[in-house]
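# Inside the fold
For reference, the chains in residue letters:
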Amino acid sequence: MKSDQRLDTLLRSMDAAEQSSPPDPIRAHADLNRILSSQAAIASSSTLPDSHESNKPKIRQRRRALTLAGLAAAVTAGFVIMPALSGGDPAFATWTAAPGTLTGSDRDNAVSDCRNSKQNVGGGMYSTELSAAEVAIAERRGAWVTVVLTGADGFEATCTTDATAAWFRKGIIGSIGKPANVTALPARGIAATQLGTGVIADKPISIASGRVGADVTGVSYTNADKEEVLATVAKGQFAFWLPGNELQNATDRGVPVHVTYSDGSSEIQLLDF
């Protein structure tokens, strides 16, 4: 892993996927704080094993760490991964390949939920950045909403959740972090900060998000069913997700995406870190 891709925080996720009863948000929050405090040595380290083999969890650990390849930027590059609880649309029945834009109170509520869900991460280590962060992306795919917040020095916080779920069953999957070194992308560049498969509501979810250069106006991914999944591209960021585990090994092979530029031209780029 290149040194400029290593970030200042590292934490494996918690996940309620294998629970037989509804998860307890209070307990999950306590578990998160316990893990954060017990991972101090990892959080202060900028060194990760070079062996891919060491990053591959055993079968029983696959969900517990968001597959460790899941939301892999959070693991290999250092973002804190937030816990995922059960939602109200566990089968992703309302998901759409083309996103809509969140507006009005729906947007305000989604942004507020995202900020609040991350205020106490690491004892509030990102509270200043969260307060100052602007909304880069606020999209809807059926019942599901995704928010991407960005700030100075490459700060990024992401949240995907079922907006229709009751507050006591609402789960948010996402990440938060800030790169140790941020370099400007070329005008046609694209780089992931999240890329892989996680679990929410006991179902796999594949997520890709990150930065794009100034000339990038569109990004799309063709899934295994030959369906074009459109990303939201705004304010130098992109984000898309789809049900299933298609991106589980994305960090090993990269993900081909169709990128469109401001002059109308387009090409296939390989999305990785």
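Before reading on, note that the structure itself is shown above.
Thresholds, definitions, all that
- Residues numbered from 1 in each chain as written.
- Predicted model: local features only at pLDDT ≥ 70, side-chain atom pairs only at ≥ 80, totals over all residues.
- Heavy atoms only, no water.
- Pairing = 2+ DSSP bridges.
- Helix = DSSP H or I, 4+ residues; strand = E, 2+ residues; numbered from the N terminus.
- Axes fitted to C-alpha atoms, helices over the stretch in contact; angles between N-to-C directions.
- Polar contact = N/O pair within 3.5 Å; in protein donor to acceptor, adjacent residues only side chain to side chain.
- Contact = heavy atoms within 4.5 Å.
- Disulfide = S-S within 2.5 Å.

### Points about the sheet that holds strand β14 (residues 266-271)
Strand order in the open sheet formed by four strands is β10-β9-β13-β14, with antiparallel pairing between adjacent strands. Only two strands of the sheet have a single partner each, and these edge strands are β10 (228-230) and β14. When strand polarity is set aside, the average angle formed by the axes of neighbouring strands in this sheet is 35 degrees. Taken together, the six bridges between strand β13 (residues 255-261) and β14 define a ladder with antiparallel strand orientation. Pairing of P256 across the sheet is with L270, part of β14.

### Structural notes on the side chain of N223
Mapping N223 onto the fold places it in the loop between β9 (216-222) and β10. A polar contact is formed between the side chain of N223 and the backbone nitrogen of D225, at a distance of 2.9 Å. A polar side-chain atom of N223 sits 2.8 Å from the main-chain amide nitrogen of E227. Excluding residues that lie within four positions of it along the chain, N223 makes contacts with V229, L242 and E246.

### Details of unusual backbone geometry
Residues other than glycine seldom take positive phi values, yet D153 does so here, at roughly 60 degrees. Note that D153 resides in the loop between β4 (144-150) and β5 (156-162). Look at K235: it is not a glycine, yet its phi comes out positive at around 50 degrees. With respect to the helices, strands and loops of the structure, K235 is situated in the loop between β11 (232-234) and β12 (237-243).

### A word on the state of the cysteines
In this structure the tally under the stated criterion is one disulfide. Two residues, C114 and C159, share a disulfide whose sulfurs are 2.0 Å apart. What sets the handedness of the C114 and C159 disulfide is the S-S torsion sign, and at about 80 degrees it is right-handed. Taken as a pair, C114 in helix α4 (residues 104-118) and C159 in strand β5 lie far apart in primary sequence, 45 residues in all.

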